Amino acid sequence: MLIEAMVAILVFSLGVLGLVGLQATSLQHISDAKYRIDAANLTEQLISQMWSENHATATLAAKYASANGKSAAGYAAWAARVTSALPGASGHAPSVAVEADGADASRSTVTVVVYWQPPGSAKTHNYTAVSRIR
């Protein structure tokens, strides 16, 4: 009878350990989803800002292209929000590329890439959005 009780406790303990592992994995997936949603929201904020501006490719590139760095006022302010909102984003600056969409100077294709690194992870995640602004 004592052996049966010990086996029952062992089986119960393995079940509890399995539930704890499942809970930890669930929390990790929830955190990953939250960071992905935050990155998508930040990207959409920038693209919305671009839509409300002058649509000329040169104007958008001067104000928002990451290649211009700190001199691009719109990019610098947005990049600061990204850095404060996502973990590990300070080590990987977001990139914004503005390219002409055909011969029309009022049409642009914008590619935005946001990077983050979840706490305790060595892997860097990214979110990429491509939008045509006309």
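The preceding data block contains the structure.
It should be emphasised that the depicted structure is a prediction, and the values quoted were computed from it without experimental measurement.

Peer 1: I would appreciate a short explanation of helix α2 (residues 57-64) in the present structure.
Peer 2: Side chains three or four residues apart in an α-helix point the same way, a direct result of the helix having 3.6 residues per turn. Taken together, the buried positions of α2 are occupied by T57, L60, A61 and Y64. For α2, the buried positions fall inside an angular range of 100 degrees around the axis, keeping them on one side. Turning to α2, the residues buried within the fold contact α1 (2-52), α3 (73-85), β1 (95-100), β2 (108-116) and β3 (125-133).

Peer 1: Hey, could you run me through the sheet that holds β3 in this one?
Peer 2: What links the strands of a sheet is backbone hydrogen bonding, and the strands pair in either a parallel or an antiparallel sense. If you walk across this open sheet you meet the 3 strands as β1-β2-β3, and the pairing is antiparallel. For this open sheet the edge positions go to β1 and β3, each flanked by a neighbour on one side alone. Going from strand to strand, the sheet's axes swing by 15 degrees on average, the running direction of each strand aside. By the bridge criterion, 9 bridges tie β2 to β3 in an arrangement that is antiparallel. Bridge assignment links Y115 to a residue of β3, and that residue is N126. Against the sheet, α1 contacts β1, β2 and β3, and its axis sits at roughly 25 degrees relative to β3.

Peer 1: Would you explain the packing of α1 against α3 in this entry?
Peer 2: When two helices pack together, their arrangement is given by the angle between the helix axes and the distance between those axes. Direction vectors running N to C along α1 and α3 enclose 170 degrees, while the axes themselves pass 11 Å from each other. The angle between α1 and α3 falls in the class roughly antiparallel. Together, D38, L42, T43, Q45, L46 and Q49 of α1 and W78, R81, V82 and A85 of α3 make up the contact between the two elements. Taken together, the residues of the contact of α1 with α3 break down into 5 nonpolar, 3 polar and 2 charged.

What counts and how
Residues numbered from 1 in each chain as written. Predicted model: local features only at pLDDT ≥ 70, side-chain atom pairs only at ≥ 80, totals over all residues. Heavy atoms only, no water. Buried < 20%, exposed > 50% of the residue type's maximum accessible area, 1.4 Å probe, protein only. Helix = DSSP H or I, 4+ residues; strand = E, 2+ residues; numbered from the N terminus. Arc of directions from axis to C-beta. Contact = heavy atoms within 4.5 Å. Pairing = 2+ DSSP bridges. Axes fitted to C-alpha atoms, helices over the stretch in contact; angles between N-to-C directions. Parallel < 35°, antiparallel > 145°, perpendicular 65-115°, else oblique. Nonpolar A, V, L, I, M, F, W, Y, C, P; charged D, E, K, R; others polar.

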